[in-house]
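Take a look at the letters that make up each chain.
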Amino acid sequence: MRGLRAAARPVVTGSAHSFPATRTSQSDLWADFFHEHYSGLPLARRIFENAGIGSRSTAVDPRTEKAVSTWSTGQRMARYIKEALPLGRQTVTAALESAGLAPQDVGLLAVASCTGYTTPGLDLRLADELGMSSKVQRLFVGHMGCYAAIPGLGAVSDFVASRGRPAVLLCLELTSLHVQPPTDDLEQIVAHALFADAAAAVVLEPNAGSGYEVLDVVAVTDHSTADLMSWEITDLGFKMGLSPKVPDVLAQHVGEVVRDQLLAPHGLAPEDVTGWAVHPGGKRILEVVGERLALPDDALKASYDVLDECGNCSSPTVLMVLERMPSAEGPVVALAFGPGLTLYAALLRRS
C-alpha cells in the first residue's frame, strides 16, 4: 500500500485560448446568412442586433458553407474532429508554454466538450499528438454545456492536490457545427444569435509560488427547471433548447450559491472579492448576476467584453474571462450556468 501524501495546493500557473480562423462581425453574419435563413424575420433581426455581440469566431462559416443546416450528424461529427484536434493542440501547447512545462510533465489531461464526439476521443488523440506520456491519465467531460469548465477545474484541482502532479484542463466547443434548418422558434434564433467557437486551457501545478490557488468549488441544480435548457441529439446535429425564463431561475439561486455556499464558509462576502469571472451566457444573465449580488458597475466588465468580442463560446468562455481578471491579490469568483438548470461556482485566490 502506498504511503499517504499530504494534500498539495492546486494553483493555476498557465492559461491560453484560441479561436478558429474565421472571424465574423455579428452584423455581417446576419446580413450574409441569417437574414435569408430567417426570411428577414423582424424578430430575428432584433435578437441578433440586441445580443450584445460585436464579433464571433467560427469553425464553419455559414456564409460560405450555406448547406451546414442540412448536414447529417455524422457529417458534423467528422468535421468536429477535423477542426477540434488542431485547435486543441494549439491551445494546450500555448497553456503549457505559459506555465513553463512540457507535455511529458502532465499527470492528467481533462477535456470538456459538448459539441462533438469521437472514439478514440479528443483527449486520447491530443495526448498522443502532444507527445504526452503513455501513462498520462485522461478524463473526458461531455454534455455539461456552458458550466463544464468549473466542475472540470474541480476535478483537475483534486488530482493535483491528491497526486502532487501537474494537470491540464481543456474546454473546446464548436457550436457552429450545429446550425439548424430555418425556423421561427424563438429559442433557436436566440441560440444562433449568441453562440460561437473557441478553446481555452488552464494548467495547474502543486504548491506553485504564484498564480490562482483553487480554494473551493460548489454547485446547485434546480431539477424543477430542467426543461428550460437542453441539447438534443438529432439527425441534423445537436439542437439547443434555451428558454427566456433562464435568467429568472438564475436570479432565484445565484445569491445563495455565491454568498452562502461559496463565500461564507471562507469568511468572505461579495464586497471582499477582487475579481468576478462570470460566464456571459447573455446580457440579461450578466445583468441578473450584477443585480442579485449588488456588484459595482464595472465588476463584470471582463464578462461583457468577452461577450462583445467573442460571443458565448459555451464551456471555454468563463476561462477566457478568468484570463482578464485584474492582477491584484485577493479572492476571485468564477461562476457559470448550464443545463439542469445548474449553477457552478469556484473560489480562487491570487498568490
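Our subject is the structure that appears above.
Residues numbered from 1 in each chain as written. Predicted model: local features only at pLDDT ≥ 70, side-chain atom pairs only at ≥ 80, totals over all residues. Heavy atoms only, no water.

Novice: Mind showing me how you'd approach the layout of surface pockets here?
Specialist: Quantified by volume, the largest pocket comes out at close to 550 Å³. At the level of secondary structure, the elements contributing two or more residues to the lining of the largest pocket comprise helix H2 (42–49), helix H6 (186–194), strand S10 (237–242), helix H7 (246–263) and helix H8 (283–292). Partitioning the lining of the largest pocket into residue classes produces 15 nonpolar, six polar and three charged. (1 Å grid on protein atoms, 1.4 Å probe; cavity = no way out; pocket = protein on both sides within 12 Å on 5 of 7 lines; lining within 4 Å. Points joined across faces, edges and corners; volume = space filled by probe spheres on them. Helix = DSSP H or I, 4+ residues; strand = E, 2+ residues; numbered from the N terminus. Nonpolar A, V, L, I, M, F, W, Y, C, P; charged D, E, K, R; others polar.)

Novice: Help me understand helix H9 (residues 301–310) in this model?
Specialist: Residue pairs spaced three or four apart in an α-helix point in one direction, given the helix's 3.6 residues per turn. Along H9, the residues classified as buried are Ala302, Ser303, Val306, Leu307 and Cys310. Projected down its long axis, H9 carries its buried residues within an arc of 140 degrees, all on one side. At its buried positions, H9 is contacted by strand S3 (55–58), strand S11 (275–278), H8 and helix H10 (317–322). The first or second residue beyond H9 is Gly311, which carries a positive phi of 80 degrees. (Buried < 20%, exposed > 50% of the residue type's maximum accessible area, 1.4 Å probe, protein only. Arc of directions from axis to C-beta. Contact = heavy atoms within 4.5 Å.)

Novice: Can you walk me through the sheet that holds strand S7 (residues 197–206) in this structure?
Specialist: The pairing of strands in a sheet happens through backbone hydrogen bonds and is either parallel or antiparallel. Pairing is mixed across the open sheet formed by nine strands, whose spatial order is S5-S4-S6-S7-S1-S8-S13-S12-S11. Looking at which strands have only one partner, the edges of the open sheet turn out to be strand S5 (137–142) and S11. Each adjacent strand pair in this sheet contributes to an overall mean axis angle of 25 degrees, direction not counted. (Pairing = 2+ DSSP bridges. Axes fitted to C-alpha atoms, helices over the stretch in contact; angles between N-to-C directions.)

Novice: Is there a simple way to explain the pairing of S11 in this structure?
Specialist: In regular strands, side chains alternate between the two faces of the sheet. Burial along S11 is two-sided: Gly275 and Ala277 facing one way and Trp276 and Val278 facing the other are all buried. Two elements, S11 and strand S12 (residues 330–338), share four bridges in a ladder whose sense is parallel. The residue bridging Gly275 from the neighbouring strand is Val332, located in S12.

Novice: What exactly am I supposed to notice about the side chain of His253 here?
Specialist: Residue placement: His253 occurs in helix H7. The residues touching His253, leaving out its near neighbours within four places in the chain, are Val220, Asp222 and Leu343.

Novice: Please clarify how the pattern of salt bridges should be interpreted in this entry.
Specialist: In a structure, side chains of opposite charge can pair up when their charged atoms sit close to one another. Taken as a whole, this structure holds 13 salt bridges when the rule is applied. Glu213 is the partner of Arg9 in a salt bridge, and the nearest nitrogen-oxygen pair spans 3.3 Å. Taken together, the positions of Arg9 in the segment before strand S1 (10–18) and Glu213 in strand S8 (residues 212–221) put the pair 204 residues apart, joining distant regions of the chain. A relative accessible area of 9% places Glu213 in the buried class. One salt bridge in this structure joins Glu83 and Arg79, with 2.8 Å as the shortest N-O distance. Placement of the pair is Glu83 and Arg79 together in helix H3 (residues 73–99), with a separation of four residues, close to one helical turn. (Salt bridge = Lys/Arg side-chain N within 4 Å of Asp/Glu carboxyl O.)

Novice: Can you help me understand the packing of helix H1 (residues 26–37) against H2 in this one?
Specialist: Helix packing for two helices is described by the angle between their axes and how far apart those axes are. Orientation of H1 relative to H2, taken along the N-to-C sense of each, is 155 degrees, at an axis distance of 10 Å. Here H2 runs roughly antiparallel to H1, going by the angle between their axes. In this structure, H1 crosses over H2, and the sense of that crossing is right-handed. For the pair H1 and H2, contact is made by Gln26, Trp30, Phe34 and His35 and by Ala44, Arg45 and Phe48, respectively. Split into classes, the residues belonging to the contact of H1 with H2 amount to four nonpolar, two polar and one charged. (Parallel < 35°, antiparallel > 145°, perpendicular 65-115°, else oblique. Left-handed = near helix turned anticlockwise from the far one by under 90°.)

Novice: Where do I start with the environment of Val11 in this structure?
Specialist: Relative to the assigned elements, Val11 resides in strand S1. C-alpha separation for the pair Val11 and Leu343, spaced 332 residues apart in sequence, amounts to 23 Å. Excluding its chain neighbours within four sequence positions, the residues that come into contact with Val11 are Val203, Leu204, Glu205, Ala208, Ser210, Gly211, Tyr212 and Glu213.

Novice: Would you take a moment to explain H6 for this structure?
Specialist: Where H6 is concerned, the buried positions are Gln188, Ile189, Ala191, His192, Ala193 and Leu194. On its buried face, H6 sits against H1, H2, S3 and S10. Among the residues of H6, the N-terminal cap falls to Asp185, whose side-chain oxygen and the backbone nitrogen of Glu187 are separated by 3.1 Å. (Polar contact = N/O pair within 3.5 Å; in protein donor to acceptor, adjacent residues only side chain to side chain.)

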